[in-house]
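So the chains spell out like this:
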Amino acid sequence: MKVYFIGAGPGDPELLTLKAARIIAACPVCLYAGSLVPSEVVAGAPEGALVRDTAPMTLEETHVEILAARDRGEDVARVHSGDPSLYGAIAEQIRLLRRDGIPYEIVPGVPAYAAAAAALGQELTIPEVAQSIVLTRMAMKSTAMPEGESLENFARTGATLAIHLGIRALREIERVLIPHYGAECPVVVAYRASWPDAIYLRGTLSDIREKVRAAKITRTALILVGPAMGEAGDFRDSALYDPDRPHVLRPKRKV
C-alpha cells in the first residue's frame, strides 16, 4: 500500500489536478482536512471508501487509521489544502511513515497565493517592480518562527510578502512593515481564495486593518503586501519577448 499526500488546491474543486482526482478516485481510504478542504473535493472517492474528516483528529489518531489501512493492504489518499509542501504539517506525518516503513508520495496542488493572484487578474512578478515572493507566516499561537525568519528581516528585502496566519496580527504587521514599505504600500487580503464566498480586499498598510474589521474577516485569509499588488501600469516589458534580446529559441533576426 501507499499513502498519497494530495494537494487539493485552495478550495475550488475544479483546481484539483487530474492526477489528484485520479488517485482519490482509486483509494479505499480518504483522510481529508475538512476545515480547509471542501467535501466536493473528496466526493470522487470510490463507493464504499472510508472517508474521514481529520480536522478534529490528532496526529496519532490519523496515523492509527493509516496503520489500519496498511494492515488491510489499502492505499490512502491524505488530502490537504493548497499545496502540501506549504504549511501542510506533513513533515511529522512523513516521519511516522518512515518509522513504520510505509511508502508515500506527494502530489502537488495549487497554492493559495497563486489562486489569489489569478482571482485578482494580475502577475506577482512585475519587471523592475518585484521579482521575489516571500512565503511566510505569523507565529501567533502556532509554533515559533526559526531564528532569523522574522517579518522584520523579510521586510528589509522589499520583496512581495505572502503572509499566512496573520489576519489577527494586522496591527503588528503594520508596525513592522510601514517603515520599510511605506504607509501607502498596496495590500490585498484574500479570504478563502477561490471558494464561492471568497473576499478580496484591496487597501494599503495604513487602512487595510479597518477594511478587514468592517468585512468581519477573522480567519482563513492570506495577506499579500508589496508594490506589485497595486494597479501596475507604468513598468517596462519583460525581456522575455524583447526582439533585441535573442535566445536559443528565438535567434537574432536577420537584417
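Residues numbered from 1 in each chain as written. Predicted model: local features only at pLDDT ≥ 70, side-chain atom pairs only at ≥ 80, totals over all residues. Heavy atoms only, no water.

A. Expanded view of the packing of aromatic side chains. Scanning the model with the defined rule gives one aromatic pair in all. Taken together, a centroid distance of 6.1 Å and an interplanar angle of 75° make the contact between Phe5 and Tyr104 edge-to-face. In this pair, Phe5 sits in strand β1 (residues 3-7) while Tyr104 sits in strand β5 (residues 104-107), placing the two residues 99 residues apart along the sequence. Judged by its relative accessible area of 0%, Phe5 is buried. Above the ring of Trp195, the side-chain terminus of Arg192 is found at 3.9 Å from the ring centroid. (Phe/Tyr/Trp six-rings, centres within 6.5 Å; stacked < 30°, edge-to-face > 60°. Helix = DSSP H or I, 4+ residues; strand = E, 2+ residues; numbered from the N terminus. Buried < 20%, exposed > 50% of the residue type's maximum accessible area, 1.4 Å probe, protein only. Lys NZ or Arg CZ within 6 Å of the ring centre and 35° of its normal.)

B. Geometry of helix α3 (residues 91-99). When we look at burial in α3, the residues that qualify are Gln93, Ile94, Leu96 and Leu97. Along α3, the residues classed as buried sweep out an arc of 160° about the axis, all on the same side. Projecting away from the buried face of α3 at angles above 90 degrees are the exposed residues Ala91, Arg95, Arg98 and Arg99. Next to the buried residues of α3 lie β1, α2 (59-72), β4 (76-80) and β5. Just downstream of α3, Gly101 is the residue with a positive phi angle, here 70°. (Arc of directions from axis to C-beta. Contact = heavy atoms within 4.5 Å.)

C. Geometry of the sheet that holds strand β9 (residues 199-204). As summarised here, the arrangement of the five strands in space is β6-β7-β10-β8-β9, forming an open sheet in which the pairing is mixed. The open sheet terminates on both sides in strands that have one partner only, identified here as β6 (133-137) and β9. The average undirected angle you get between the axes of adjacent strands in this sheet is 20°. In the sheet, strand β8 (residues 186-191) pairs with β9 via six bridges, with the strands oriented antiparallel. Residue pairing in the sheet places Val187 in a bridge with Gly203 of β9. Of the strands in this sheet, β8 and β9 are in contact with helix α7 (residues 208-215), which crosses β9 at around 150°. (Pairing = 2+ DSSP bridges. Axes fitted to C-alpha atoms, helices over the stretch in contact; angles between N-to-C directions.)

D. Highlighting unusual backbone geometry. One non-glycine residue with positive phi stands out, namely Ala89, at about 55°. Its place among the elements puts Ala89 in the loop between β4 and α3. By relative accessible area, which is 43% here, Ala89 ends up partly exposed. We note that Glu128 has phi near 60°; this positive angle belongs to a residue other than glycine. Examined against the element boundaries, Glu128 turns out to sit in the loop between α4 (112-120) and β6. For Glu128, a relative accessible area of 66% puts it in the exposed group.

E. Region of the structure containing the side chain of His63. Mapped onto the fold, His63 is located in helix α2. The buried category is assigned to His63, whose relative accessible area is 6%. Sequence-distant contacts of His63, that is, excluding residues within four places in its chain, are made with Leu96, Leu97, Arg99, Asp100 and Ile102.

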